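Fold and contact review
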Amino acid sequence: MIELFPSYYVVLHILFLAAMILCAVAVFYLKDLIAAAIAFAAFSFLLALEFFILQAPDVAIAEAAIGAGISTAILIIAIRGTTREEGE
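Treat the numbers as computed from the prediction; the structure is a model and nothing was measured.

1. Observations regarding the UniProt feature "domain: MrpA C-terminal/MbhD" (unreviewed entry) in the protein chain
- Those places that UniProt annotates as "domain: MrpA C-terminal/MbhD" (unreviewed entry) correspond, in this numbering, to residues 19–83.
- A helix fraction of 86% and a strand fraction of 0% characterise residues 19–83, whose end C-alpha atoms lie 28 Å from each other.

Dropping the structure here:
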(Lines give C-alpha, C1' and ligand atoms only; values in the text may rest on other atoms or scores of the structure.)
Protein backbone atom coordinates (compact mmCIF):
# COMPACT_ATOMS: atom_id res chain seq x y z
CA MET A 1 0.00 0.00 0.00
CA ILE A 2 1.33 3.42 -0.93
CA GLU A 3 1.42 5.84 1.95
CA LEU A 4 0.72 9.42 0.86
CA PHE A 5 1.62 11.05 4.16
CA PRO A 6 3.85 9.71 6.92
CA SER A 7 2.04 8.91 10.15
CA TYR A 8 3.54 11.87 12.00
CA TYR A 9 1.83 14.21 9.52
CA VAL A 10 -1.51 13.02 10.86
CA VAL A 11 -0.37 13.91 14.37
CA LEU A 12 0.72 17.37 13.16
CA HIS A 13 -2.62 17.90 11.44
CA ILE A 14 -4.51 16.98 14.58
CA LEU A 15 -2.33 19.21 16.78
CA PHE A 16 -2.61 22.20 14.44
CA LEU A 17 -6.36 21.78 14.02
CA ALA A 18 -6.86 21.48 17.80
CA ALA A 19 -4.77 24.62 18.33
CA MET A 20 -6.78 26.42 15.64
CA ILE A 21 -10.02 25.50 17.40
CA LEU A 22 -8.61 26.79 20.71
CA CYS A 23 -7.57 30.07 19.03
CA ALA A 24 -11.02 30.47 17.45
CA VAL A 25 -12.72 29.89 20.81
CA ALA A 26 -10.33 32.37 22.43
CA VAL A 27 -11.15 35.00 19.80
CA PHE A 28 -14.84 34.50 20.52
CA TYR A 29 -14.63 34.71 24.32
CA LEU A 30 -11.89 37.31 24.94
CA LYS A 31 -13.14 40.68 26.13
CA ASP A 32 -9.82 42.44 25.52
CA LEU A 33 -9.90 43.26 21.82
CA ILE A 34 -6.09 43.44 21.44
CA ALA A 35 -5.80 39.95 22.91
CA ALA A 36 -8.53 38.77 20.52
CA ALA A 37 -6.63 40.27 17.57
CA ILE A 38 -3.47 38.47 18.68
CA ALA A 39 -5.40 35.20 19.03
CA PHE A 40 -6.72 35.78 15.50
CA ALA A 41 -3.13 36.27 14.28
CA ALA A 42 -2.15 32.99 15.94
CA PHE A 43 -5.10 31.29 14.25
CA SER A 44 -4.02 32.67 10.88
CA PHE A 45 -0.42 31.60 11.44
CA LEU A 46 -1.52 28.07 12.35
CA LEU A 47 -3.63 28.00 9.21
CA ALA A 48 -0.57 29.02 7.19
CA LEU A 49 1.39 26.16 8.78
CA GLU A 50 -1.42 23.76 7.91
CA PHE A 51 -1.32 24.89 4.28
CA PHE A 52 2.45 24.37 4.27
CA ILE A 53 2.07 20.82 5.61
CA LEU A 54 -0.53 20.18 2.90
CA GLN A 55 2.20 21.10 0.37
CA ALA A 56 0.72 24.41 -0.72
CA PRO A 57 3.58 26.81 0.06
CA ASP A 58 2.27 29.63 -2.14
CA VAL A 59 -1.05 29.65 -0.28
CA ALA A 60 0.81 29.40 3.04
CA ILE A 61 2.94 32.46 2.23
CA ALA A 62 -0.12 34.45 1.17
CA GLU A 63 -2.02 33.44 4.32
CA ALA A 64 0.91 34.34 6.55
CA ALA A 65 1.43 37.70 4.89
CA ILE A 66 -2.19 38.76 4.54
CA GLY A 67 -3.92 36.88 7.35
CA ALA A 68 -1.34 37.07 10.12
CA GLY A 69 0.34 40.28 9.01
CA ILE A 70 -1.84 42.83 7.30
CA SER A 71 -5.20 41.83 8.83
CA THR A 72 -3.78 41.89 12.35
CA ALA A 73 -2.23 45.29 11.76
CA ILE A 74 -5.52 46.66 10.42
CA LEU A 75 -7.43 45.23 13.41
CA ILE A 76 -4.99 46.73 15.91
CA ILE A 77 -5.15 50.13 14.20
CA ALA A 78 -8.96 49.99 14.26
CA ILE A 79 -8.99 48.98 17.94
CA ARG A 80 -6.62 51.84 18.74
CA GLY A 81 -9.24 54.26 17.44
CA THR A 82 -11.93 52.82 19.76
CA THR A 83 -11.94 51.36 23.26
CA ARG A 84 -9.73 48.42 24.08
CA GLU A 85 -12.24 46.51 26.17
CA GLU A 86 -15.52 45.15 24.82
CA GLY A 87 -18.63 46.43 26.59
CA GLU A 88 -21.00 44.13 28.43
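2. A short note on the packing of helix H1 (residues 7–29) against helix H2 (residues 33–53)
- Where H1 contacts H2, the axes come no closer than 9 Å and their chain directions differ by 160°. Considering the angle they form, H1 stands roughly antiparallel to H2. The chirality of how H1 crosses H2 is left-handed. Listed contacts from H2 to Tyr9, Leu12, His13, Phe16, Leu17, Ala19, Met20, Cys23, Ala24, Ala26 and Val27 of H1 are Ala36, Ala39, Phe40, Ala42, Phe43, Leu46, Leu47, Leu49, Glu50 and Ile53.
- A breakdown of the residues in the contact of H1 with H2 according to their chemical character gives 19 nonpolar, one polar and one charged.

What counts as what
Residues numbered from 1 in each chain as written. Predicted model: local features only at pLDDT ≥ 70, side-chain atom pairs only at ≥ 80, totals over all residues. Heavy atoms only, no water. UniProt positions renumbered as here; feature names shortened; annotations may be inferred. Helix = DSSP H or I, 4+ residues; strand = E, 2+ residues; numbered from the N terminus. Axes fitted to C-alpha atoms, helices over the stretch in contact; angles between N-to-C directions. Parallel < 35°, antiparallel > 145°, perpendicular 65-115°, else oblique. Left-handed = near helix turned anticlockwise from the far one by under 90°. Contact = heavy atoms within 4.5 Å. Nonpolar A, V, L, I, M, F, W, Y, C, P; charged D, E, K, R; others polar.

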